[in-house]
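# Structure assessment
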Amino acid sequence: MNNENIKSVISAQREFFKSNRTKDVSFRLEMLNKLKGAVIKYQDDIIKALYDDMKKPATEAYIAEVYIVLNEIDILLKETAKWAKPRRVKTPPVLFSAKSFIYPEPYGVALIISPWNYPFQLLIDPLAGSIAAGNCSVLKPSELAPATSVLIAKMIKEEFDPGFIAVVEGGIESSTALLAEKFDYIFYTGSTSVGRVVMRAAAENLTPVTLELGGKSPVIIDEDANLEIAARRIVKGKFFNAGQTCIAPDYLYVHFSIIDNLNFILKEKISEFYGEDPYVSSAYARIINDRHFSRLSKLISGNVIYGGKTVPAERYISPTIINNATWNDPVMQEEIFGPILPVMPFTDLESVISEINSRPKPLALYYFSNNSAKQEKILRETSSGGVCINDTMEHIISEYLPFGGVGESGIGAYHGRASFDAFSHAKSVLKKSFLFDVKLKYAPYRVSLSALKKILKILS
Ligand code: NAD
């Protein structure tokens, strides 16, 4: 789509928004129902497109892309009417006779840009929030998952007026052209480096943003952890979608006294999940493209104690464990975003905390221990987008837990109520009547300063 077409898409959406149709909750619910119907209708095609793009296993595709989206739409269908209502709040005595409200209002035209790793979920989930809040939306799917991008464009075109929801496909050139335009809200999911590009563009128009970014998410396994269960939950989180998940465990800090034992069980679990040769497992995905395959292949070095096999023609990288990794290793320099798991021993929790705190704030942090004092210590002394105690990734599933990063892992959050709030401006409204009008507050000010101070003290 060229720049002129992009401009006309946005101006059609501005006209649509001006019609005030999206302000009606009944319209929003109708559109959410339409979206739900489309996802149900296309679910097999979605699973197939995800297989074509990265050989995503059908179960993973269904859970992480179809089910999560349908669940989010259902919550929004149930709650939007309530959340969209103006909320009465308290009024301070100094504003006696007035009434105060918060009116959630849509921003207008929202731009949603998504990455390739969960290319359906990460575009359609925020879209549901945008619809619920009453915005028009321009969607930019990732060019790196082309089959899913084409399918989304077809599905949206078939179901929605482009004045309300439109898809602009393409790569960096499309994103750049979109970001040169003025939007009322930008919701971006992707890498931290491109997040900076997006925020710079948004700053030109002072457009508010949600930035869902990435980073290295640590896992700490303490000496008292149940290793059997911990290993199972780590392997699940690390190798789901072949490690191409923003909140996948990036690396492990393991208490030195249990490291050999844990490594042994981790290997056992990998072969339990994916068989002796994960290459032939239908539960194991492929790397998205050659660039990422070659980037990841170069990270496999050092003390490889499991896996390390690659098949370039298929972009296959086997589940891999690197033991005794250090912060100087290539694999520890940036977010891995693939099926390579570095393991580092630790002796005291204090130094683990200070090492984590000396680096960018992670999107997720995982701690395995039953010691509640230590759990609280981790929660109090580290900062991350979210935390799972004694599991990995599952905090993303709850609609009651806002999902987002902090610092370099992101700005803002969504899911459930947080999705509605992300796409709404909370407008403060003070309503007064003509009944009372205290003349003393107008110029020329007849109350002495000392009397004024007394009155304000009584009122506050
Ligand atoms: P990416 O940043 O390369 O691409 C994301 C989107 O940005 C794509 O639509 C792409 O076309 C566009 N884009 C790429 N370069 C651009 C540029 N220079 N200017 C404007 N737009 C540009 O990200 P990715 O590789 O697709 O995704 C991987 C990253 O996303 C990882 O860091 C991962 O942790 C993160 N991620 C975060 C979340 C989250 O919810 N926080 C979810 C998934 C992925």
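First, a word on scope: everything that follows refers to the structure included in this document. Nothing here was measured: the structure is a model prediction, and the numbers come from that model. (Residues numbered from 1 in each chain as written. Predicted model: local features only at pLDDT ≥ 70, side-chain atom pairs only at ≥ 80, totals over all residues. Heavy atoms only, no water.)

### With respect to the pairing of strand β14 (residues 340-346)
The line we're drawing: When accessible area is computed with a 1.4 Å probe and restricted to protein chains, residues below 20% of their type maximum are described as buried, those above 50% as exposed, and intermediate ones as partly exposed. To qualify as a helix, a DSSP run of H or I must reach at least 4 residues; to qualify as a strand, a run of E must reach at least 2; elements of each kind are numbered from the N terminus. When DSSP finds at least two bridges between two strands, those strands are taken to pair.
With respect to burial, β14 is a largely interior element, 6 of its 7 residues being buried. In terms of strand pairing, strand β9 (residues 251-255) meets β14 through 4 bridges, oriented parallel. Its bridge partner being in β14, His255 is matched across the sheet by Phe346. As paired strands, strand β13 (residues 320-323) and β14 are joined by 3 bridges and run parallel to one another. Looking at the pairing, Ile321 lines up with Leu341 of β14.

### Notes on the site of the ligand
Selection rule: When at least one non-hydrogen atom of a residue lies within 4 Å of a molecule or strand, that residue is treated as near it. In the analysis that follows, any N or O atom pair within 3.5 Å is treated as a polar contact, provided that within protein one partner can donate a hydrogen and the other can accept it, and provided that, for residues neighboring in sequence, both atoms belong to side chains. Per-residue and other accessible areas follow the Shrake-Rupley method at a 1.4 Å probe size, with only the shown protein chains counted as cover for residues. We call Asp, Glu, Lys and Arg charged. Ala, Val, Leu, Ile, Met, Phe, Trp, Tyr, Cys and Pro are nonpolar, and the rest, Gly among them, are polar.
As a structural note, the neighbourhood of the ligand is formed by 27 residues, with Ser114, Glu143, Tyr188, Leu213 and Glu335 the closest of them. Between the ligand and Glu212 there is a distance of 3.5 Å, counted from a nitrogen atom to a backbone nitrogen or oxygen. In isolation the ligand exposes 840 Å². Once the protein is present, 91% of that is buried. Mapped onto the shell around the ligand, the elements with two or more residues apiece are α6 (172-179), β6 (185-189) and α7 (192-204). Here the shell around the ligand takes 3 residues from α6, the largest share from any one element. Classifying every residue of the shell around the ligand gives 15 nonpolar, 8 polar and 4 charged.

### Considerations on the nonpolar core
Which entries qualify depends on this criterion: Working definition of a nonpolar core: buried Ala, Val, Leu, Ile, Met, Phe, Trp, Tyr and Cys residues. They are joined through side-chain atoms within 4.5 Å. By the convention used here, residues are in contact when the closest approach between their heavy atoms is within 4.5 Å.
Residues Ile220, Ile221 and Leu252 are the most contacted members of the largest nonpolar core, which totals 136 residues. With residues near it in sequence (within four places) discarded, Ile221 still touches Leu227, Ile234, Leu252, Tyr253, Val254, His255, Ile258, Leu262, Phe346 and Phe368. In terms of nonpolar packing, the next biggest core, distinct from the first, is built from 5 residues, Met54, Ala145, Ile288 and Phe337 among them.

### Examining the sheet that holds strand β3 (residues 109-113)
Heads up, the rule is: With axes taken as lines fitted to C-alpha atoms, and helix axes fitted only over the stretch in contact, angles between N-to-C directions fall between 0 and 180 degrees.
Judged by pairing direction, the sheet is mixed, and its 6 strands sit side by side in the order β5-β4-β3-β6-β7-β17 without closing on themselves. Looking at strand neighbours, the two that pair on one side only are β5 (165-167) and β17 (410-411), the edges of this open sheet. Where strand β7 (residues 209-212) meets β17, 2 bridges bridge the pair, whose relative direction is antiparallel. Bridging from a neighbouring strand, Glu212 pairs with Gly410 of β17. Packed on one face of the sheet, α7 meets β6, β7 and β17 and runs near 175° to β6.

### A few points about the packing of aromatic side chains
Selection criterion: Aromatic pairing here means that ring centres of Phe, Tyr or Trp (its six-membered ring) are within 6.5 Å. Orientation follows from the plane angle: under 30 degrees is stacked, over 60 is edge-to-face, and everything else is tilted.
Under the counting rule described, the total for this entry stands at 19 aromatic pairs. Between Phe27 and Phe164, the ring centres sit 5.1 Å apart and the planes meet at 75°, which makes this aromatic pair edge-to-face. Of the two residues, Phe27 is situated in helix α2 (residues 25-54) and Phe164 in the loop between α5 (146-159) and β5; the sequence distance between them amounts to 137 residues. Taken individually, Phe27 and Phe164 each receive the classification buried, so the pair is uniform in this respect.

### What to know about the packing of α2 against helix α4 (residues 121-133)
Definition in use: Roughly parallel refers to an angle under 35 degrees, roughly antiparallel to one over 145, roughly perpendicular to one between 65 and 115, and oblique to any angle outside these ranges. Take the far helix as your reference; a near helix turned counterclockwise from it by less than a right angle gives a left-handed crossing, and one turned clockwise gives a right-handed crossing.
Two elements in contact, α2 and α4, have axes separated by 8 Å at closest approach and are oriented at 160°. Considered as vectors, α2 and α4 are oriented roughly antiparallel to each other. Classified by chirality, the crossing of α4 by α2 is right-handed. Residue-level contacts link Arg28, Met31, Leu32 and Leu35 of α2 to Ile124, Leu127, Ala128, Ile131, Ala132 and Ala133 of α4.

### Observations regarding unusual backbone geometry
Across the junction of Ala443 and Pro444, the peptide omega takes the value -5°, indicating a cis bond. Structurally, Pro444 can be placed in the loop between β18 (424-431) and α14 (449-459). Phi at Leu206 is positive, roughly 50°, even though this residue is not glycine. With respect to the secondary-structure elements, Leu206 resides in the loop between α7 and β7. Given the relative accessible area of 75%, Leu206 is considered exposed. Its identity as a non-glycine residue notwithstanding, Met393 has a phi of 70°, on the positive side. Structurally, Met393 can be placed in the loop between β16 (386-389) and β17. You can call Met393 buried: its relative accessible area is 11%.

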